[in-house]
Amino acid sequence: MIIDALRAELYKLSRNRWSTFWAFGFMPLFALGMGVIEQAAYHFYMGDLLPYAAPLHESLGGLATFSASIFQLCGIAGAAIIFGGEYRWETWRAALTRVDRAPIMAAKMLAFAIAISISLLLCGVARLIVGFIDVGLTGYATWPPVDPGAIALAHLMGFSATFLQMMVTAAFVMLVCVVSRAMTAGIVAALLTLVACEIASIRGNMGDELIWVLFPNIAGEALRQAGNIMMGGRDGLLAGFAWQGAAALVMWFILLSAAALALFTRQDLSKE
Amino acid sequence: MPAALEASGLGKSYGAVSALGALDLAIPRGLVYGVLGPNGAGKSTLLRLALGLVKPSRGSVRLLGESQINARVLRRVGAMIEAPALYPFLTARETMRAFARYSGLKDPAREEAVLDRVGLTAAADRRAKTFSMGMRQRLALGAALLTRPELLILDEPTNGLDPAGIHEMRTLIRDLVEKENVTIILSSHLLDEVQKVCDRVAFINRGELVAEGKVSELVSGQGGLFIRATPMAKALAVLGLRARLEGDGLVAAIPEDAAPALIRDLVAAGVDVYEARWMTQSLERVFMSTMGGGA
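From a predicted model like this one, the values you see are computed outputs, not experimental measurements.

**What to know about the overall build of chain A**
Now for step 1: A tally of helices and strands in chain A yields ten helices and zero strands.
Now for step 2: Order of helices (α) and strands (β) in chain A, N terminus to C terminus: α-α-α-α-α-α-α-α-α-α.
Now for step 3: By the compact-globule yardstick of 19 Å for 272 residues, chain A fits well, its C-alpha radius of gyration being 20 Å.
Now for step 4: Counting only residues that meet the buried cut, chain A has 53% of its 272 residues in that class.
Now for step 5: Counting only contacts in chain A whose residues sit at least 6 apart along the sequence, the fraction spanning at least 24 positions is 82%.
Now for step 6: Carbon and sulfur atoms make up 73% of the accessible area of chain A, which totals about 11,700 Å².
Now for step 7: Mean positive and mean negative side-chain charge positions of chain A (16 and 17 charges, respectively) differ by 13 Å.

What follows is the structure, encoded as structure tokens:
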């Protein structure tokens, strides 16, 4: 039944082209466009002062595209469409006579995971392209001083960090949509909460106390920094908390999803 | 064979407001069953409870004999509750595809056949948000028919339909019952339509079952002979207390088989009879008298 629901959710996403583009397609294009502009500006204004094109560091950076709260807006909108759309269009009564509540919510989460993964990977590819454009402009490329396995693992960690952060955000959007029965509430509440978390956790970037990894943005950053170090980077105050950060993100995801699901399975849909 | 829908002491309250009291009702299979009542009577609440969209505050409901209302039993049921629930960004064809996927169907031919059956083939590639209310209603009905349901639950199915659409809907409903043995539970405010299409009805008022029975039994025995004749005073004298004035004639409250004798009596009394026809009691009149004019 979860497969049926997943097929339906992915089909709906594929047909809701405009919304899906802004939710999942815009950020890779933005990463590519901004990257090209950025590199062109460096090249034409600074010439050869910065002759160190590093495509693989670019792609690793691309996997962090959704890490800052403001850049999560697109993903938040995507989650709100997936989890809040049925309330907005009053379609729960048509869908829930075909699939049970828990499988449909699980399918929605899976659909989001698939869509955000593709978006995230495309962001990485976009920045990789930017890196190679930079190679073309500068005529010079640097490569990480580590073996390919470490590069792959670093990218995997970079991907996992942002992916888990986005899944936590999606679970939060899901909870807000279920409680409020409104798509817009999911977007506004999630964005404000993420910005508030970022402001409140500035000190956490110092990496002096483990407790700060309870903030999803710090937890994600810890994983990203660990990946960066793996690829020869040197900065990483939070890198020592990488696994705790991953555990924190998984914990938040489970808690928020479970709360949303528990509420949804008991919710009266007398009027969506 | 278990009932299509069986409610035992079924009730729903929202805070202090009781939407449905403690309803006991068994809807048999193989017929069209009307659930009637004024606005706020609890009809939609009953249907939503049956579909598991809301949880009962008391009592229980069984659907096709199953007490656990889950997708396993709901996939044997088609439903259209209140306004059509459609995705505005999908075309009619895509809507069918999406709901077919939710239902676990992999039969594009069935989707096309259903679109054809509800008369939307020509509009299949138009988005649902551009549809008129009647077209939306047809599309939602099509989605409900996708799984070849044993039971069809329709809440106000003729809403927004023009007279031709209402006629088509009536024909479709009767066809489904008579040719495909589908059980249909419908609620409607159009009592004339209900009388034409339903085999049995239940009257619900303020969350309570007020009356229930076969339509033919509810409206029988309460008919009358409409007579247009002159002079009226003489006709009234013949009929006595059995007559009441209605429009430009009078209605004699007599059994149908007494009509020929009465007409002979009127003629014998020197009354000129211009029109005499048997008036069946309308469901609307039964409804109004049952609800105490509260509808």
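**Topic: the domain arrangement of chain B**
Now for step 1: Taken domain by domain, chain B consists of domain 1 (5–218) and domain 2 (224–279).
Now for step 2: Relative to domain 2 of chain B, the C-alpha centre of domain 1 of chain B lies at a distance of 43 Å.

**What about the packing of aromatic side chains?**
Now for step 1: A full pass over the atoms with the stated rule returns 18 aromatic pairs over all chains.
Now for step 2: Judged by centre distance (5.7 Å) and plane angle (80 degrees), the ring pair of Y87(A) and W92(A) falls under edge-to-face. Each of the two residues, Y87(A) as well as W92(A), counts as buried.
Now for step 3: Note that R277(B) overlies the ring of F226(B), its terminal NZ or CZ placed 4.6 Å from the centroid.

**As for a nonpolar patch on the surface**
All names here are of chain A.
Now for step 1: Among the surface-exposed residues, L10, I114, I118 and L122 lie close enough to one another that they form a single nonpolar patch of about 310 Å² accessible area.
Now for step 2: A per-element tally of the nonpolar patch places helix α6 (residues 101–138) first, with three residues.
Now for step 3: Overall, the relative accessible area of 43% leaves L122 in the partly exposed class.

**Some thoughts on the sheet that holds strand β4 (residues 58–63) of chain B**
All names here are of chain B.
Now for step 1: On the basis of which strands lie adjacent, the open sheet formed by three strands has the order β2-β1-β4 and antiparallel pairing. Two strands in the sheet have a free side with no partner beyond their single neighbour: β2 (17–27) and β4. Strand-to-strand twist in this sheet, taken as the mean axis angle between neighbours without regard to direction, amounts to 20 degrees.
Now for step 2: The strands touched by helix α1 (residues 43–50) within the sheet are β1 (5–14), β2 and β4, with β2 carrying the most contacts at an inclination of about 65 degrees.

**Points about the side chain of T91(B)**
Now for step 1: Along the chain, the position of T91(B) falls in the loop between β5 (77–80) and α3 (92–102).
Now for step 2: A relative accessible area of 9% places T91(B) in the buried class.

**Section: the sheet that holds strand β12 (residues 249–252) of chain B**
Residue and element names in this part refer to chain B.
Now for step 1: In space, the four strands of this open sheet follow the order β11-β12-β10-β13, with antiparallel pairing throughout. Each edge of the open sheet is held by one strand with a lone partner, namely β11 (243–246) and β13 (272–279). For this sheet, the mean angle separating the axes of adjacent strands, direction not counted, is 30 degrees.
Now for step 2: Across four bridges, the pairing between β11 and β12 is antiparallel. The partner of A243 across the bridge, within β12, is A252.
Now for step 3: Running over the sheet, helix α10 (residues 259–268) touches β10 (224–230), β12 and β13 and is turned about 15 degrees from β10.

**A closer look at the layout of surface pockets**
Where empty space is left can be seen by rolling a probe of water-molecule size over the atoms.
Now for step 1: Considering only enclosed or pocket space, the largest pocket measures out at about 350 Å³ in volume.
Now for step 2: Looking at the largest pocket, it is lined by 18 residues, and the ones nearest its centre are R101(A), G52(B), K55(B), I69(B) and N70(B).
Now for step 3: Taken together, the residues of the lining of the largest pocket sort by class into ten nonpolar, five polar and three charged.

**Brief notes about the interface of chain B and chain A**
Now for step 1: At the interface, 36 residues of chain B touch 34 residues of chain A.
Now for step 2: For the pairing of chain B and chain A, the buried interface totals around 3,000 Å² over both sides, and the portion due to carbon and sulfur atoms is 56%.
Now for step 3: Inspection of the chain B/chain A interface yields three salt bridges.
Now for step 4: Of the charged contacts, one joins E94(B) and R15(A) as a salt bridge, the two residues approaching to 2.9 Å between their closest N and O atoms.
Now for step 5: Across the contact surface, chain B and chain A share 19 residue pairs in polar contact (both at pLDDT 80 or more).
Now for step 6: Only β1, α2 (71–74), α3 and α5 (133–145) of chain B provide two or more residues apiece to the side of chain B that touches chain A.
Now for step 7: Element by element, the count of residues in the side of chain B that touches chain A is highest for α3(B), at six residues.
Now for step 8: In the side of chain B that touches chain A, the residues fall into 23 nonpolar, four polar and nine charged.

Conventions adopted
- Residues numbered from 1 in each chain as written.
- Chains lettered and ligands numbered in written order.
- Predicted model: local features only at pLDDT ≥ 70, side-chain atom pairs only at ≥ 80, totals over all residues.
- Heavy atoms only, no water.
- Helix = DSSP H or I, 4+ residues; strand = E, 2+ residues; numbered from the N terminus.
- Rg over C-alpha atoms; globule rule 2.2 N^0.38 Å.
- Buried < 20%, exposed > 50% of the residue type's maximum accessible area, 1.4 Å probe, protein only.
- Contact = heavy atoms within 4.5 Å.
- Areas by Shrake-Rupley, 256 points an atom, 1.4 Å probe, with all protein chains shown as cover.
- Lys, Arg positive; Asp, Glu negative; His and termini not counted.
- Charge placed at Lys NZ, Arg CZ, Asp CG, Glu CD.
- Domains from an automatic or database assignment.
- Phe/Tyr/Trp six-rings, centres within 6.5 Å; stacked < 30°, edge-to-face > 60°.
- Lys NZ or Arg CZ within 6 Å of the ring centre and 35° of its normal.
- Patch = residues over 30% accessible without salt bridge, like charges linked within 9 Å, V, L, I, M, F, W, Y side chains within 5 Å.
- Salt bridge = Lys/Arg side-chain N within 4 Å of Asp/Glu carboxyl O.
- Pairing = 2+ DSSP bridges.
- Axes fitted to C-alpha atoms, helices over the stretch in contact; angles between N-to-C directions.
- 1 Å grid on protein atoms, 1.4 Å probe; cavity = no way out; pocket = protein on both sides within 12 Å on 5 of 7 lines; lining within 4 Å.
- Points joined across faces, edges and corners; volume = space filled by probe spheres on them.
- Nonpolar A, V, L, I, M, F, W, Y, C, P; charged D, E, K, R; others polar.
- Buried area = accessible area lost by both parts, 1.4 Å probe.
- Polar contact = N/O pair within 3.5 Å; in protein donor to acceptor, adjacent residues only side chain to side chain.

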